[in-house]
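Spelled out, the chains give:
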Amino acid sequence: MSTNKDYLNFLLDQLSSLEGITYRMMMGEYVIYFRGKVAAYVCDNRLLIKPVPAAINMLPHAEYDSISQGGRKKLLRIDNVDDRDFLTDLFNAIYDALPFSK
């Protein structure tokens, strides 16, 4: 199952107060960039972020998930996507720990 474009648009709307949000389609799924850094993955209508310390602190009980079934890369699944302020705070908190894209 790939991500529904309506779900991506919903997430982009939730993040619209942040400057520098862009996205790119990748094999039916999406990568969300924040000021030039990979900030999140949208896969199978799930928002996934890297488990950097700031994210773990904000989401101590978050479930770990992977981009694909059986994938080894474990990411934090963000279930609280309806809270615009929380998502904005989360993206701002993780920014410094994210590497720039190559």
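Residues numbered from 1 in each chain as written. Predicted model: local features only at pLDDT ≥ 70, side-chain atom pairs only at ≥ 80, totals over all residues. Heavy atoms only, no water.

## A look at a negative patch on the surface
Then step 1. A grouping of Asp82, Asp83, Asp85 and Asp89 is seen on the molecular surface, where their side chains present a negatively charged patch.
Then step 2. Take Asp82: its relative accessible area is 64%, and that puts it in the exposed class. (Patch = residues over 30% accessible without salt bridge, like charges linked within 9 Å, V, L, I, M, F, W, Y side chains within 5 Å. Areas by Shrake-Rupley, 256 points an atom, 1.4 Å probe, with all protein chains shown as cover. Salt bridge = Lys/Arg side-chain N within 4 Å of Asp/Glu carboxyl O. Lys, Arg positive; Asp, Glu negative; His and termini not counted. Charge placed at Lys NZ, Arg CZ, Asp CG, Glu CD. Buried < 20%, exposed > 50% of the residue type's maximum accessible area, 1.4 Å probe, protein only.)

## Comments concerning the nonpolar core
Then step 1. Val42, Leu47, Ile49, Leu59, Ile78, Leu90 and Phe91 are the most contacted members of the largest nonpolar core, which has 28 residues in total.
Then step 2. Of all elements in the fold, only helix H1 (5-14), strand S2 (29-34), strand S3 (37-43), strand S4 (46-49), strand S6 (74-78) and helix H3 (84-94) reach the threshold of two or more residues within this core. (Core = buried A, V, L, I, M, F, W, Y, C linked by side-chain atoms within 4.5 Å. Helix = DSSP H or I, 4+ residues; strand = E, 2+ residues; numbered from the N terminus.)

## Digging into the environment of Tyr7
Then step 1. Structurally, Tyr7 is set in helix H1.
Then step 2. Along the backbone, Tyr7 and Leu48 are 41 residues apart, and their C-alpha atoms lie at a distance of 13 Å.
Then step 3. In this view, Tyr7 contacts Val42, Asn45, Arg46, Leu47 and Val81; residues no more than four positions away in its chain are not counted. (Contact = heavy atoms within 4.5 Å.)

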